[in-house]
Amino acid sequence: MQTRTVGAGLFGKLEGKLSWIVLGLVGLLLPLLDDSYIGVIAQRAYIYWVLSAGLNLVVGYAGQIAIGWVSMLTLGAYTTAALAAGNVGEPWHPYLALVASGVVGAAFGVIVGLPALRLRTFYFAMTTLGFATIVTQVALAWKSVTGGGVGTPGPVFPWPFDPGWGFYYFCFLLAAIATWMTANIASSRYGRALIAIRDAEVAAEASGVAKPRLLVMVFLLAGALGGVAGGLFSSLQSYITPDAFTFEMSVLFFIGILIGGRGSILGPALGTILLTALPEFAAPLVQWSTFLYAALLLVIVLVIPGGIADLLDYKNRRPLEQHREIAPRPELLPHLLGDRRAGELLTLKGIELSFGGVRAIAGLDLEIRPGEVHGLIGPNGSGKTTTLNVISGYYAPQRGEVKLGAAVLPPAAPHLRAPHRIARTFQTPRVIGSASVLENVMIGGTIDGHGTFAESLLTLPRHRRDEAQLREAAMLALATVGLDALAAVRADRLQHSELRFVEIARALMLRPACLMLDEPAAGLSAEEIRRLGALIKAVSRAGTAVLLVEHHADLIFDICDRVTVLNLGKVLAAGTPAEIRSHREVVSAYLGA
């Protein structure tokens, strides 16, 4: 079935293509000014952006606080200079030495990034700063290679990128390539997964995003670009010493991304250019550079929290229709879910889970059958959401096992549920507010992409096919839940009820064998609950096993085929809705008179 799709230009998420054209023309035509001073400032800005383009994926997209990324610039500069000068053997050709700096940067980018798999926020920031200090100290001590405090001469690149405007165009070209590659990643399933890790990590895991592998690839790319930037920097400086790689430089890279705006390519590029040029045209204030950077960041955070990118995002400032109606179209489910093999039984056997001295689940046995809606109800604290978290792999039970068919699902491995086609929603909608509705839903299909990270980096044919298929499927999922008209709108502009349906659309992208819904009717109107019930029932009749946790008793008894009642982590009753309605203990403990 054909659905309306949202167009994406060459730079994917970047809607301001005109801005890129203007920047490109300015860069190409700048030599016509024949002003060598401005040329040097521009070269420095391009070099800094080569590094920041990769760092932007780490900071702006993945949300990692990498303050000490100047270490990659240092490593790249000394690698290129030392190899080209013959400090470690025969002199290398400068261009080969530049390639080597990228390889060294990639290797150390992964080494520095590994702590991010365990450390978070400021602990990781301290790790990057510590590594930057170590690199500087090694440069001071390893005099035979680096020249120590005296320094070492930088390489001179031969024709066609010889010093002057030739080197200017070399820096411009590499900055353009770095921008193109990182924009390709940003607009791919890998870029969406990075933003999901940053803003909604549990939802990313539920969609099958493997955080460690993805972060390693991103740190490798960011390190390689940082190393190449260092090689260019060593040539620009002519002579490099450890003093050239200051803490203020690290702050510049980091703040340039923040004032540019997280989750954007264009904003941080402009931010980096601005912070590079600002000290040059305000020379009397150069001693106050760190203070000015901090003040500028504070102003941006207070006045424009989304940074420069928000100023350029004119489309999401247009007013939305006020009285919007959610009208799901369950008849589209066969097109979305496709032809699937018969579903398998999801079984919980003898599940026990305690938190300290509190027993959350006590010997739970449960069967969720394909083609049925299974309701899970009970008082607050009875273990309903905990049961969903055990099935989803967020909690590892002390006893018992979860099986899908004959396969035992590994505990504490939420990202491994998606390959089994187990999808879920959450009590509080876990969506990415800064991403569009369409992009949020496309995250649900991450595991269905076949292109590698390298293929996305270079936008090769398989990557383009993946994106086209994911976009078409996401539009179909949105049409199924009745939100296709809002596909291009930022998710943080939606109403609460619409976010509920966005989560369901994202879950349907997995074509789930089992769909778990955690209080999906919370905050919905009576008519929206009725439509939600019809959609859930249609999903189950398409062969999906549905496990529904809900406090709206009428919805449970209207659409469920079977109901299990929990109380204090134990099964109080199980049976058909009619049997549960008349169960004396259930009425006493939960339903009331």
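To be clear, the structure that these remarks concern was listed above.
Think of each chain on its own: its residues are numbered from 1, step by step along the sequence as written. Reporting of local features is limited, given that this is a predicted model, to residues whose pLDDT is at least 70; pairs of side-chain atoms are given and counted only at 80 or more, and all residues count toward the totals for whole chains, interfaces and linings. Excluded from the side-chain calculation are hydrogens and water; included are all heavy atoms of the structure.

1. Focus: the overall build of the chain
No. 1: Along the chain, the regular secondary structure elements total 24 helices and twelve strands.
No. 2: In this setup the radius of gyration rests on C-alpha atoms only. A globule is expected at 2.2 Å times the number of residues raised to 0.38. The C-alpha radius of gyration computed for the chain amounts to 28 Å, which stays within 12% of the reference 25 Å derived for 593 residues, consistent with globular compactness.
No. 3: Counting every position in the chain, which comprises 593 residues, the buried fraction comes to 55%.
No. 4: The contact definition used throughout considers only heavy atoms, calling two residues in contact when any of these lie within 4.5 Å. When contacts within the chain are restricted to residue pairs at least 6 apart in sequence, long-range pairs at least 24 apart make up 76% of them.
No. 5: When charges are counted, Lys and Arg contribute as positive and Asp and Glu as negative, whereas His and the chain ends are disregarded. The location of each charge is read from NZ of Lys, CZ of Arg, CG of Asp or CD of Glu. Charge-centre separation for the chain: the mean point of 47 positive side chains lies 4 Å from the mean point of 43 negative side chains. Helix and strand definitions follow DSSP, with helices as H or I runs of at least four residues and strands as E runs of at least two, each counted in order from the N terminus. Relative accessibility decides the category of a residue: with a 1.4 Å probe and only protein chains considered, values under 20% of the type maximum give buried, values over 50% give exposed, and everything between is partly exposed.

2. Details of a nonpolar patch on the surface
No. 1: Surface patches are defined over residues having more than 30% relative accessible area and no salt bridge, joining like charges when they lie within 9 Å and nonpolar side chains (Val, Leu, Ile, Met, Phe, Trp, Tyr) when within 5 Å. Areas reported as accessible are Shrake-Rupley estimates using a 1.4 Å probe. Residue values count occlusion only from the protein chains shown. Should a side-chain nitrogen of Lys or Arg be within 4 Å of a carboxyl oxygen of Asp or Glu, the pair is scored as a salt bridge. Taken together, the side chains of Leu-18, Ile-21, Val-22, Leu-25, Val-26, Leu-28, Leu-29 and Leu-32 make up a nonpolar region of the molecular surface, amounting to roughly 800 Å² of accessible area.
No. 2: Given a relative accessible area of 42%, Leu-28 falls into the partly exposed group.

3. Some remarks on helix H11 (residues 247–260)
No. 1: End to end, H11 covers 20 Å across 14 residues, agreeing with the expected 20 Å (1.5 Å per residue, within 8%).
No. 2: By the criterion of burial, H11 is predominantly enclosed, with eleven of the 14 residues buried.
No. 3: Those residues of H11 lying buried are Met-249, Ser-250, Val-251, Leu-252, Phe-253, Phe-254, Ile-255, Gly-256, Ile-257, Ile-259 and Gly-260.
No. 4: Phi turns positive one or two residues past the end of H11, at Gly-261, with a value near 115 degrees. By this rule, a helix spans an expected 1.5 Å times one less than how many residues it contains.

4. Comments concerning the pairing of strand E5 (residues 373–377)
Along a regular strand, successive side chains alternate from one face of the sheet to the other.
No. 1: Across the five residues of E5, five count as buried, placing the element largely inside the fold.
No. 2: Because side chains alternate across E5, one face comprises the buried residues Val-373, Gly-375 and Ile-377, and the other comprises His-374 and Leu-376, equally buried.
No. 3: In short, DSSP must find at least two bridges between two strands for them to pair. The pairing of E5 with strand E10 (residues 545–549) spans four bridges and is classified as parallel. Counterpart to Leu-376 in the pairing with E10 is Val-549.

5. Things to note about the sheet that holds strand E11 (residues 562–567)
No. 1: Pairing in this open sheet of six strands is mixed, and the strands run E8-E9-E10-E5-E11-E12 from one edge to the other. Only two strands of the sheet have a single partner each, and these edge strands are strand E8 (422–424) and strand E12 (570–575). This sheet shows a mean twist of 20 degrees between the axes of neighbouring strands, independent of strand direction.
No. 2: Strand contacts of helix H20 (residues 496–508): E8 and strand E9 (514–518), with the helix running at about 165 degrees to E9, the strand carrying the most contacts.
No. 3: Think of each axis as a best-fit line through the C-alpha atoms, taken over the contacting stretch in the case of a helix, with angles from 0 to 180 degrees between the N-to-C directions. In the packing of helix H21 (residues 526–541) onto the sheet, the strands contacted are E5, E9 and E10, and the crossing angle to E10 comes to about 150 degrees.

6. Some thoughts on the packing of aromatic side chains
No. 1: Each pair of aromatic rings taken from Phe, Tyr and Trp, with Trp reduced to its six-membered ring, is defined by centres within 6.5 Å and is described as stacked if the planes are under 30 degrees apart, edge-to-face if over 60, and tilted in the remaining cases. Going through the model one piece at a time under the given rule, you end up with 20 aromatic pairs.
No. 2: Through a chain of ring-to-ring contacts, three or more aromatic side chains come together here, namely Tyr-46, Trp-165, Tyr-168, Tyr-169 and Phe-172.
No. 3: Any Lys NZ or Arg CZ that is within 6 Å of a ring centre and within 35 degrees of that ring's normal is treated as a charge sitting over the ring. Seen from the ring of Phe-426, Arg-430 lies directly overhead, with NZ or CZ sitting 5.6 Å from the centre.

7. What to know about the side chain of Thr-182
No. 1: Mapping Thr-182 onto the fold places it in helix H7 (residues 165–186).
No. 2: Given a relative accessible area of 1%, Thr-182 falls into the buried group.
No. 3: Here Ala-178 takes part through its backbone oxygen, which lies 2.8 Å from a polar atom of the side chain of Thr-182.
No. 4: Beyond its immediate stretch of four places on either side in the chain, Thr-182 contacts Ala-53, Gly-54, Leu-57, Leu-225 and Ile-265. Identification of polar contacts relies on pairs of N or O atoms within 3.5 Å, with a donor-acceptor requirement for protein atoms, meaning one able to donate a hydrogen and the other able to accept it, and with residues adjacent in sequence counted only if both atoms are side-chain atoms.

8. Some details on the pairing of E11
No. 1: For E11, the tally of buried residues reaches five of six residues, placing the bulk of the element in the interior.
No. 2: Relative to E11, E5 is paired through four bridges, and the arrangement is parallel. If you follow Gly-375 over to E11, its bridge partner there is Val-563.
No. 3: Across five bridges, E11 lies against E12 in antiparallel orientation. Within E12, the residue paired with Thr-564 across the bridge is Ala-574.
No. 4: Taken together, E11 and the strand that follows it, E12, pair antiparallel across an intervening segment of two residues, in which Leu-568 is found at a positive phi of about 55 degrees.

9. As for helix H19 (residues 461–481)
No. 1: Taking 1.5 Å per residue as the helical rise, H19 with its 21 residues ought to reach 30 Å, and the 31 Å between its terminal C-alpha atoms agrees with that figure.
No. 2: Where H19 ends, the next residue or the one after it, Gly-482, has phi of about 85 degrees, a positive value.

10. Some words on the sheet that holds strand E4 (residues 358–368)
Sheet strands associate in pairs through backbone hydrogen bonding, adopting either a parallel or an antiparallel arrangement.
No. 1: Taken in spatial order, the four strands of this open sheet run E4-E3-E6-E7, and their pairing is antiparallel. Looking at the sheet topology across the chains shown, the edges are occupied by E4 and strand E7 (407–408).
No. 2: Two elements, strand E3 (residues 346–355) and strand E6 (residues 399–404), share five bridges in a ladder whose sense is antiparallel. Across the sheet, the residue bridging to Glu-352 is Arg-399, located in E6.
No. 3: Against the sheet, helix H16 (residues 384–392) makes contact with E3, E4 and E6, and its axis sits at roughly 115 degrees relative to E3, the strand it touches most.

11. Quick word on the nonpolar core
No. 1: Formed by 92 residues in total, the largest nonpolar core has its most connected members in Leu-55, Trp-69, Leu-73 and Phe-253.
No. 2: Those residues within four positions of Phe-253 in sequence are excluded, and the remaining contacts are Tyr-48, Leu-51, Ser-52, Leu-55, Val-70 and Leu-73.
No. 3: Residues Met-475, Ala-487, Val-539 and Ile-559 belong to the second largest nonpolar core, which totals 59 residues. What we call a nonpolar core is a set of buried Ala, Val, Leu, Ile, Met, Phe, Trp, Tyr and Cys residues that are connected through their side-chain atoms within 4.5 Å.

12. Here's the deal with the packing of helix H3 (residues 70–85) against helix H4 (residues 94–113)
No. 1: In the contact formed by H3 and H4, the axes pass within 8 Å of each other and the chain directions differ by 145 degrees. As for how H3 packs across H4, the hand of that crossing is right-handed. In contact with Met-72, Leu-75, Gly-76, Thr-79, Thr-80, Leu-83 and Ala-84 of H3, H4 contributes Pro-94, Ala-97, Leu-98, Ala-100, Ser-101, Val-104, Gly-105, Phe-108, Gly-109 and Val-112.
No. 2: All residues other than Ala, Val, Leu, Ile, Met, Phe, Trp, Tyr, Cys, Pro, Asp, Glu, Lys and Arg, Gly among them, are scored as polar; the first ten of these are nonpolar and the last four charged. Partitioned by chemical class, the residues of the contact of H3 with H4 number eleven nonpolar, six polar and no charged. Crossing handedness is defined as follows: a turn of the near helix away from the far one that is anticlockwise and smaller than a right angle gives a left-handed crossing, while the clockwise case is right-handed.

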